[in-house]
Amino acid sequence: MNRRDDLYTRRETTSGSFRFDEQVVDVFPDMIDRSVPGYALLVPMIGQLARRFVQPGSTVHDLGCSLGAVTLAVRAALKGREDVSGIRLIATDNAEAMVARFDTLLGEADVPHERTSTALLASSSSRINASQETLPVLLCHGDIREVPIENASFAALNFTLQFLEPEDRDQLLSRLSQGLRPGGALVLAEKVHFDEAATARRQTDWHHDYKRLQGYSELEIARKRAALERVLLAETETVHMERLRRCGFRRVTRWFQCFGFHAWLAER
Ligand code: GEK
């Protein structure tokens, strides 16, 4: 059962103190659903896009997988396709508490899976027999900046790039575009920043209205906001689109927006 997120009723915060720790993991599905407007729609839609773009015998990356919502949506969407043998689903996160919990969830759901690391991914292939049509999950505890991206046809950065230092973002996206096969695609979802002050204020107000309607108090909203300062570094849509093109993506399409939460499909 998913626990209700009441973390910031209990936790006093200092600016920039947010971490993906055990206590966040305990409430994570509820936290992200009640904090990111549209999350419950975005996840299955990423699965739908994967069904179109994933190619036989290729690798799929869920980068910053948390509890694996995207991995599981992609896996569910690919089921029923005739040509899934040999597809490797790799889910990576650098928070040990997240990976441990996702491991447990995969076990409970009887999904074939195996723990690995970025170093092992680089040096060996999985022991899991991906030739069967079981779509096994390779669960990787590590930094997405170090994950080898090879022979991929689909990747998702669902609200993860925003946690990297901006100077590391170009390198990751360039590696992704180089590691994707022609015809492959990346889904990037981010909280965006608006340069124009009045627009930024309105979008923040609307986001906070969403959180209020989801039952968060003013104190919880203020504490979470302070905790994320300098941890979640949002950029404008223009910065994102220019970076995606500069890093080698041929066509970039925004396919989702709810207030300041955007998702683009970047095609190789
Ligand atoms: C979902 N995609 O439910 N390397 C690996 N993981 C990282 C890194 C990094 N450098 N930085 C942050 N993370 C998920 C939601 S949450 C978004 C993604 C949110 C991980 C971090 O540990 C966390 O699990 C995830 O990225 C971001 O569809 O909480 O707003």
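Residues numbered from 1 in each chain as written. Predicted model: local features only at pLDDT ≥ 70, side-chain atom pairs only at ≥ 80, totals over all residues. Heavy atoms only, no water.

Caption draft 1: Expanded view of the overall build of the protein. The secondary structure content of the protein amounts to 10 helices and 8 strands. Relative to the compact-globule value of 18 Å for 268 residues, the protein shows a C-alpha radius of gyration of 18 Å, a close match. Overall, the C-alpha framework of the protein stretches about 50 × 40 × 30 Å when taken along its three principal axes. Here the protein holds 268 residues, and the buried ones make up 52% of them. Pairs at least 24 apart in sequence give 77% of the contacts found in the protein among residues at least 6 apart. A total of about 12,300 Å² of accessible surface is found on the protein, and carbon and sulfur atoms cover 49% of it. Of the charged side chains in the protein, 35 are positive and 37 negative; the average position of the first set lies 3 Å away from that of the second. (Helix = DSSP H or I, 4+ residues; strand = E, 2+ residues; numbered from the N terminus. Rg over C-alpha atoms; globule rule 2.2 N^0.38 Å. Buried < 20%, exposed > 50% of the residue type's maximum accessible area, 1.4 Å probe, protein only. Contact = heavy atoms within 4.5 Å. Areas by Shrake-Rupley, 256 points an atom, 1.4 Å probe, with all protein chains shown as cover. Lys, Arg positive; Asp, Glu negative; His and termini not counted. Charge placed at Lys NZ, Arg CZ, Asp CG, Glu CD.)

Caption draft 2: Layout of the packing of helix H8 (residues 197-213) against helix H9 (residues 218-227). One can describe the packing of H8 onto H9 by two numbers: an axis separation of 10 Å at closest approach and a directional angle of 125 degrees. Here H9 runs oblique to H8, going by the angle between their axes. In this structure, H8 crosses over H9, and the sense of that crossing is right-handed. For the pair H8 and H9, the contacting residues are Thr204, His208, Lys211 and Arg212 in the first and Glu218, Ile221, Lys224 and Arg225 in the second. Residues that form the contact of H8 with H9 fall into these classes: 1 nonpolar, 2 polar and 5 charged. (Axes fitted to C-alpha atoms, helices over the stretch in contact; angles between N-to-C directions. Parallel < 35°, antiparallel > 145°, perpendicular 65-115°, else oblique. Left-handed = near helix turned anticlockwise from the far one by under 90°. Nonpolar A, V, L, I, M, F, W, Y, C, P; charged D, E, K, R; others polar.)

Caption draft 3: Layout of the site of the ligand. Around the ligand, the surrounding shell holds 23 residues, and the nearest of these are Tyr39, Gly64, Ser66, Asp93 and Asn158. Taking aspartate 143, its side chain carries an N or O atom lying 3.1 Å from a nitrogen atom of the ligand. Taking 660 Å² as the accessible area of the ligand by itself, protein coverage stands at 94%. In the shell around the ligand, the residues fall into 13 nonpolar, 7 polar and 3 charged. (Near = heavy atom within 4 Å. Polar contact = N/O pair within 3.5 Å; in protein donor to acceptor, adjacent residues only side chain to side chain.)

By themselves, these observations are geometric and do not establish any function.
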